[in-house]
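# Structure at a glance
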Amino acid sequence: MIIKGNIVDWTSRTIFSGEVNIQNGIIVSIRPIPESTNGFILPGLIDSHVHIESSMVTPLEFSRMVMPHGTVAVVSDPHEIGNVLGVEGVDYMIKSGEQSPLKFFFGAPSCVPATNFENSGAIIDSDEVEKLLSRDDIWFLSEIMNFPGVIYEDVSVMSKITAAKKFNKPIDGHAPGLAGKDLNKYVSHGISTDHECFTLEEALAKINLGMKIQIREGSAAKNFDTLSTLIQSHPSQVMLCTDDSHPDDLLSRGHIDYLFRKGLSLGYSVFDLIQVSSVNAVNHYNLPIGLLREGDAADFIVVDSLESFHVIQTYINGVEVYNRLGSELELPSIVNVINHFNCNPISVELLKLQIPELAKSIKVIDLIEGELVTSTFNWKTFKGQLTASVSEDILKLVVVNRYNPRGIPGIGFVRGFGLKKGAIAGSIAHDSHNIIAVGTSDENLTLVINDVISNKGGLSLFNGEELFSLALPIAGLMSDKSGKVVANMYEKLNREVHKMGGKLKAPFMSLSFLSLLVMPELKLSDKGLFDGKNFNFTQLFDE
């Protein structure tokens, strides 16, 4: 098979009219030709850090959504399903991915559970992590979110790091805001990447210590605009990733191709963009992915131009898996369903709070749009029975243990959602994926929480009149439906939230991160309000 076009040769940093000769899925030659050609041929795109589960579809269905955007491979941390189902969940993701030509490279989850300050559905201990790392289908040690465990050399954390070194596999990091001596110690243990930088100064400090920075642009956390100058200044030390992308964004906005287009529009070199969107991930994780060189696997894309950058064709191992003008690649349609859900309906009485007599203020989680980090707002004007204050945009926040029917909900408050009525809930609640809900009244909260319970996982919305649901029967995280069906329903839910006064672009995604305890500053688990700076529980009321 011969493919003709304008070859974008990142090795020589030249572009020439040429042809790619492919035999048995391998590029046997790339040579110039005298005639002019249409389209531009360049290496396929790679997401260097993504949680497939956040797309709310299986790896197989995820591949259908991203291959048309030029993605040929993803580096994926399956710790979302790992927190629900343990190693069984990791194996589920690998088997689903094997049904697709998209190249999936999964890691061994390092933090299951992420912390001991919440209830999770499973434990992957250091022995199981070592067994995973010994496997050929596990490529790296997934993000080490327990950075205090690294700094203070927790025995379990250090044994996982030792196992990764034993099998010569990269170690991913997760250290938002870490600096100074603590950062030096964190990096000294061989942790080599970070996707949590939210300032340029933080990213540069980590680069100077030898880390690779994964510039993230997901559905909730968006750091590309802040960090994109690194593409020009440090192209060999940067990768692109989405971390968490919801299905509506994948359909409407795109995937890594969206970031490539943004980079081109900002004037960055196409060769530097190839470096950060393809080359660096292959080199860092030692991945068997072709980079448009003779002898490589034929993993490449054809785009219409280097301005609009719309994908015309995607090839993986020499197989055309997407053609803008052709029919869709046939993939299997059978989906197995696995889950871990053991929760009974709750009563409204469980959500009621009593105000201590000496309480002077209440700690409220203050949302920051587009960030996973939060701040703290001290609420001093609360009155009477402690419920939401819609006029002040302070809503009640609840986390319910989905794994134990006798659990007592964690209760707090959050500012920034903007809801004027109703409530929303979901079983996507990083990282243990309990049920999380935010609403304007205890009655509304009870309704949406019980709807999620009845579906054994999913998203729920009550607008004051109607109840809307998106069932996620696979681990309470993923649907067994097509990406288009899930995207359309998810988009409908978001529209309804906005009709209710919601002002966040991705309200369900933002809600899901309010239980992510490893991100500062203030979060909520099923066990209570958590101080992410000092890494311990804190009182809801200040006296």
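What comes next concerns the included structure. (Residues numbered from 1 in each chain as written. Predicted model: local features only at pLDDT ≥ 70, side-chain atom pairs only at ≥ 80, totals over all residues. Heavy atoms only, no water.)

### What about the overall build of the protein?
- Counting its regular elements, the protein contains 16 helices and 27 strands.
- Relative to the globule expectation of 24 Å for 543 residues, the C-alpha radius of gyration of the protein, 23 Å, shows essentially globular dimensions.
- For the protein, the spread of C-alpha atoms along the three principal axes comes to 85 × 50 × 40 Å.
- Taken over 543 residues, the protein has a buried fraction of 65%.
- When contacts within the protein are restricted to residue pairs at least 6 apart in sequence, those whose partners lie at least 24 apart make up 69%.
- One way to put it: in the protein the 45 positive side-chain charges average out to a point 3 Å from where the 64 negative ones average out. (Helix = DSSP H or I, 4+ residues; strand = E, 2+ residues; numbered from the N terminus. Rg over C-alpha atoms; globule rule 2.2 N^0.38 Å. Buried < 20%, exposed > 50% of the residue type's maximum accessible area, 1.4 Å probe, protein only. Contact = heavy atoms within 4.5 Å. Lys, Arg positive; Asp, Glu negative; His and termini not counted. Charge placed at Lys NZ, Arg CZ, Asp CG, Glu CD.)

### Some words on the pairing of strand 13 (residues 300-303)
- On strand 13, burial covers both faces: Phe-300 and Val-302 on one face and Ile-301 and Val-303 on the other are all buried.
- Summarising the sheet, strand 4 (residues 40-43) and strand 13 pair through 4 bridges and their orientation is antiparallel. Bridge assignment links Pro-43 to a residue of strand 13, and that residue is Phe-300.
- Of the strand pairs in this sheet, strand 13 and strand 14 (residues 311-316) are connected by 4 bridges, and their pairing is antiparallel. Looking at the pairing, Phe-300 lines up with Tyr-315 of strand 14. (Pairing = 2+ DSSP bridges.)

### With respect to empty space enclosed by the protein
- Evaluated as defined, the whole model comprises 5 cavities of 30 Å³ or more.
- The volume enclosed by the largest cavity comes to roughly 90 Å³.
- Lining the largest cavity are 13 residues, with Leu-367, Ile-368, Glu-371, Leu-372 and Ser-510 sitting closest to its centre.
- Here the lining of the largest cavity is built from residues that sort into 7 nonpolar, 3 polar and 3 charged.
- Approximately 70 Å³ is the volume found for the second largest cavity.
- Along the walls of the second largest cavity sit 15 residues, with His-51, Glu-143, Asp-244, Phe-513 and Leu-516 positioned nearest its centre.
- Split into classes, the residues belonging to the lining of the second largest cavity amount to 4 nonpolar, 5 polar and 6 charged. (1 Å grid on protein atoms, 1.4 Å probe; cavity = no way out; pocket = protein on both sides within 12 Å on 5 of 7 lines; lining within 4 Å. Points joined across faces, edges and corners; volume = space filled by probe spheres on them. Nonpolar A, V, L, I, M, F, W, Y, C, P; charged D, E, K, R; others polar.)

### Side note on the sheet that holds strand 9 (residues 171-173)
- Reading across from one edge, 5-6-7-8-9 is the order of the 5 strands in this open sheet, with parallel pairing throughout. Whereas interior strands pair on both sides, the edge strands pair on one side only; in this sheet they are strand 5 (45-50) and strand 9. Shown here is a sheet whose adjacent strand axes are inclined to one another by a mean of 25 degrees, direction ignored.
- Pairing between strand 7 (residues 103-108) and strand 8 (residues 138-144): 2 bridges, direction parallel. Paired with Ala-108 across the strands is Leu-141, a residue of strand 8.
- Contacting strand 8 and strand 9, helix 6 (residues 155-166) runs over the sheet at an angle of about 150 degrees to strand 8. (Axes fitted to C-alpha atoms, helices over the stretch in contact; angles between N-to-C directions.)

### Re helix 12 (residues 256-265)
- Across the 10 residues of helix 12, 8 count as buried, placing the element largely inside the fold.
- Along helix 12, the residues that are buried comprise Ile-256, Asp-257, Leu-259, Phe-260, Arg-261, Lys-262, Gly-263 and Leu-264.
- Gly-267 sits one or two positions beyond helix 12 and adopts a positive phi of about 90 degrees.

### Topic: the sheet that holds strand 12 (residues 238-241)
- A sheet is described by the order of its strands in space; here 3 strands give the open sequence 10-11-12, paired in parallel fashion. The strands lining the two open edges of the sheet, one partner per strand, are strand 10 (193-194) and strand 12.
- Taken together, the 4 bridges between strand 11 (residues 212-216) and strand 12 define a ladder with parallel strand orientation. Its bridge partner being in strand 12, Arg-216 is matched across the sheet by Cys-241.

### Remarks on the pattern of salt bridges
- Scanning the entire structure with this criterion turns up 25 salt bridges.
- A salt bridge links Asp-257 to Arg-261; its shortest N-O distance comes to 3.2 Å. One end of the pair is Asp-257 and the other is Arg-261, both in helix 12 and 4 residues apart, which spans about a single turn.
- Each of Asp-91, Arg-135 and Asp-137 takes part in a single network of salt bridges with overlapping partners. (Salt bridge = Lys/Arg side-chain N within 4 Å of Asp/Glu carboxyl O.)

### Thoughts on the environment of Leu-209
- Topologically, Leu-209 is positioned in the loop between helix 8 (200-208) and strand 11.
- Once you skip the residues sitting within four places of it in the chain, Leu-209 turns out to touch Leu-183, Asn-184 and Val-187.

### Side note on the nonpolar core
- Core analysis: the largest hydrophobic core is formed by 160 residues, its most contacted members being Phe-62 and Phe-417.
- Of the residues forming this core, the biggest block, 9 residues, is contributed by helix 13 (residues 270-285).
- With 16 residues, the next largest nonpolar core counts Val-398, Ala-423, Ala-437 and Leu-445 among its residues. (Core = buried A, V, L, I, M, F, W, Y, C linked by side-chain atoms within 4.5 Å.)

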